[in-house]
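Observations on the model geometry
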Amino acid sequence: MLAFILQRLIQAVVVMVTVAFIAFLLFQYVGDPVVFLLGQDATKEQIDMLRADLGLDQPFFVQFWHFLSNAVQGEFGLSLRQGAKVSRLIAERLPATLELALVAATLALVIGIPMGVYAALRRGTWASQLIMTVSLLGVSLPTFLIGILLILVFAVMLGWFPSFGRGDVVQMGWWSSGLMTAKGWHHIVLPAVTLAIFQLTLIMRLVRAEMLEVLRTDYIKFARARGLSNRAIHFGHALKNTLVPVLTITGLQLGGLIAFAIITETVFQWPGMGLLFIQAVTFADIPVMAAYLCLIALIFVVINLIVDLLYFVVDPRLRVGKPGGH
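Residues numbered from 1 in each chain as written. Predicted model: local features only at pLDDT ≥ 70, side-chain atom pairs only at ≥ 80, totals over all residues. Heavy atoms only, no water.

**Describing the overall build of the protein chain**
Rule in force here: The secondary structure listing takes helices from DSSP runs of H or I that are at least 4 residues long and strands from runs of E that are at least 2 residues long, numbered from the N terminus. Only protein chains enter the calculation, and the probe is 1.4 Å; a residue is then buried if its accessible area is under 20% of its type maximum, exposed if over 50%, and partly exposed in between. In this description, contact between two residues means that some pair of their heavy atoms is separated by no more than 4.5 Å. Note on areas: Shrake-Rupley with a 1.4 Å probe; residue coverage comes only from the protein chains shown.
Helix and strand counts for the protein chain come out as 14 helices and two strands. Every one of the 326 residues in the protein chain was classed for burial, and the buried ones make up 41%. Put simply, of all contacts in the protein chain between residues at least 6 apart along the chain, 70% involve residues at least 24 apart. As displayed, the protein chain has an accessible area near 17700 Å², and 69% of this comes from carbon and sulfur atoms.

Put into structure tokens, the structure is as follows:
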């Protein structure tokens, strides 16, 4: 187990350095931040002076090394647009994005897994067919369109939910939470549902497919021959053995929820990291963009490590070093 964790940590370091390098390399071509800061009427002397003050006159690898060495210490430099520490800006926006992603992931799991199990066990019924038809819409419709439709129906026409913002928040040290206030929950409903729909339908279809596959295996037939009840077979044996692929997809999708909440946060003006990243792209704020991508890569690496460790809990055959294991 220790060797496995060390191997994953080494891979994580390689991935993080590679992502940081690629991000920093690509962002050299998104525009000149000095022009955004000073405007088109700035003189060459003003541009050269500001470029020197920001360290943008140095070679690429020198800039990258400074960024990397500071990132290891949790510092990502100063935002070229706001003049504030990037670490502080991300820390202010991180709680909003994490809360939105966690609420969306909870909705996707709590609704998606039971619907997938029902669609598998009641295959061929009208309810199962309806669930599968609706799931196609959830997979096919783009996120921004779903968000706009929800705003039109539930915010504009019915007036049940607000269409933008986070609502009232409670400050607990550096962490801010909107889940402790009624208005916070009121504001998070529409963006969370928007972000959850695609993940929900994906998990539901995956659970259904895996359940149908497991129900056809020999050990399920043997369990039926032993006289076990349908409840024990379906939930004690079949559902448990569908969890390995579901864990994989769920873990990756949780990282995807955080990474790709950009569209949802933009549609609902949710004050999270995604909206910060969009604003940074607009102004070619390279430190913010690079720090955001490095943070997202770190989240994916950590989630993948957790998912790999959960494999050992769900499926003992995958445990490293067990005699006769595979």
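So that's the structure; there's more coming.
**Topic: the packing of aromatic side chains**
Here is the rule we go by: What counts as a ring pair is set by centres within 6.5 Å for rings of Phe, Tyr and Trp (its six-membered ring), and what kind of pair is set by the plane angle: stacked under 30 degrees, edge-to-face over 60, tilted for all other angles.
The tally for this structure, following the rule as stated, stands at five aromatic pairs. The interplanar angle of 85° and the centroid separation of 5.5 Å between the aromatic rings of phenylalanine 21 and phenylalanine 64 together place this pair among those described as edge-to-face. Here phenylalanine 21 is found in helix 1 (residues 2–26), whereas its partner phenylalanine 64 is found in helix 4 (residues 60–72), with 43 residues between them in sequence. Judged by relative accessible area, which is 29%, phenylalanine 21 ranks as partly exposed.

**Some remarks on unusual backbone geometry**
Note on backbone geometry: most residues besides glycine have negative phi, and most peptide bonds are trans. A positive phi is found at glutamine 269, a non-glycine position, where the angle reads about 50°. Among the secondary structure elements, glutamine 269 is positioned in the loop between helix 12 (262–267) and helix 13 (273–282). For glutamine 269, a relative accessible area of 42% gives the class partly exposed.

**Notes on the pattern of salt bridges**
The condition is simple: Salt bridge, as applied in this entry: a Lys or Arg side-chain nitrogen positioned within 4 Å of an Asp or Glu carboxyl oxygen.
A complete count under the given rule lists two salt bridges for this structure. Between arginine 88 and glutamate 92 there is a salt bridge, with its nearest N and O atoms 2.7 Å apart. Of this pair, arginine 88 and glutamate 92 both sit in helix 5 (residues 86–121), separated by four residues, roughly a single helical turn. Given a relative accessible area of 42%, glutamate 92 falls into the partly exposed group.

**Notes on the environment of phenylalanine 198**
By the secondary structure assignment, phenylalanine 198 is in helix 8 (residues 182–215). For the pair phenylalanine 198 and leucine 137, spaced 61 residues apart in the sequence, the C-alpha separation amounts to 9.1 Å. Setting aside anything within four residues of it in sequence, one finds phenylalanine 198 in contact with Gly138, Val139 and Gln253.

**Let's talk about the confidence of the model for the protein chain**
Interpreting fine coordinate detail is not advised for predicted regions of low pLDDT. Worth spelling out the cut-off: Note on scores: pLDDT gives the predictor's confidence for each residue, bounded by 0 and 100.
With 84% of its residues at a pLDDT of 70 or more, the protein chain has an overall mean of 78. Per-residue pLDDT, averaged within each element of the protein chain, yields its smallest value for helix 10 (residues 230–238) (66) and its largest for helix 7 (residues 143–157) (89). Scored below 50 in pLDDT, residues 320–326 makes five contacts in the model with residues more than four places away or belonging to other chains.

**Thoughts on a nonpolar patch on the surface**
Here is the rule: Think of a patch as exposed residues, more than 30% relative accessible area, with no salt bridge, where like charges cluster within 9 Å and nonpolar side chains (Val, Leu, Ile, Met, Phe, Trp, Tyr) cluster within 5 Å.
A grouping of Leu137, Leu141, Leu149, Leu152, Val153, Val156, Met157, Leu158 and Trp160 is seen on the molecular surface, where their side chains present a nonpolar patch of about 850 Å² in accessible area. Note on placement: leucine 141 falls in the loop between helix 6 (126–140) and helix 7. Judged by relative accessible area, which is 33%, leucine 141 ranks as partly exposed.

**Considerations on the nonpolar core**
Defined as follows: To define a nonpolar core, start from buried Ala, Val, Leu, Ile, Met, Phe, Trp, Tyr and Cys residues and group those joined through side-chain atoms within 4.5 Å.
Counting 46 residues, the largest nonpolar core has Phe24, Phe67, Ile90, Met273 and Ile296 as its most contacted members. Looking at this core, the elements that each hand over two or more residues are helix 1, helix 4, helix 5, helix 8, helix 11 (243–259), helix 13 and helix 14 (286–314). A per-element tally of this core places helix 14 first, with 13 residues. In this structure phenylalanine 67 touches Ala20, Phe24, Glu75, Phe76, Pro287, Ala290, Ala291 and Cys294, once residues within four positions along its chain are discounted.

**Thoughts on the packing of helix 6 against helix 8**
Formally: Interaxial angles span 0 to 180 degrees and are taken between N-to-C directions of axes, which are lines fitted to C-alpha atoms, for helices over the stretch in contact. The labels follow the angle: roughly parallel below 35 degrees, roughly antiparallel above 145, roughly perpendicular from 65 to 115, and oblique for the rest. For a crossing to be left-handed, the near helix must be turned anticlockwise from the far one by less than a right angle; the clockwise case is right-handed. Each residue gets one of three labels, nonpolar for Ala, Val, Leu, Ile, Met, Phe, Trp, Tyr, Cys and Pro, charged for Asp, Glu, Lys and Arg, and polar for the others, Gly among them.
Close contact between helix 6 and helix 8 brings their axes to 8 Å; oriented N to C, the two are set at 135°. With respect to each other, helix 6 and helix 8 are oriented oblique. Regarding helix 6 and helix 8, the two cross each other, and that crossing is left-handed. Residues Ile131, Met132, Ser135, Leu136, Gly138 and Val139 of helix 6 touch helix 8, and the partners they reach there are Ile197, Phe198, Thr201, Met204, Arg205 and Arg208. The residue makeup of the contact of helix 6 with helix 8, split by class, is seven nonpolar, three polar and two charged.

**Observations regarding the environment of serine 79**
Note on placement: serine 79 falls in the loop between helix 4 and helix 5. Here serine 79 falls in the buried class, since its relative accessible area comes to 4%. For serine 79 and isoleucine 286, which are 207 residues apart along the polypeptide, the C-alpha to C-alpha distance reads 7.9 Å.

**What about the side chain of glutamine 199?**
Counting through the fold element by element, glutamine 199 comes out in helix 8. The exposure class assigned to glutamine 199 is buried, which follows from its relative accessible area of 8%. Setting aside chain neighbours within four positions, we find glutamine 199 in contact with Ala108, Gln253 and Leu257.

**Focus on helix 4**
Note the threshold: Helix span, as expected, comes to 1.5 Å for every residue beyond the first.
Between the first and last C-alpha of helix 4 there are 18 Å, a value that for 13 residues agrees with the 18 Å anticipated at 1.5 Å per step. Just beyond helix 4, the residue with positive phi is glycine 74, at close to 85°.

**Description of the side chain of threonine 201**
Along the chain, the position of threonine 201 falls in helix 8. Looking at threonine 201, the relative accessible area reads 5%, which means it is buried. Among all residues touching threonine 201, those that are not within four sequence positions of it are Ser135, Gly138 and Val139.

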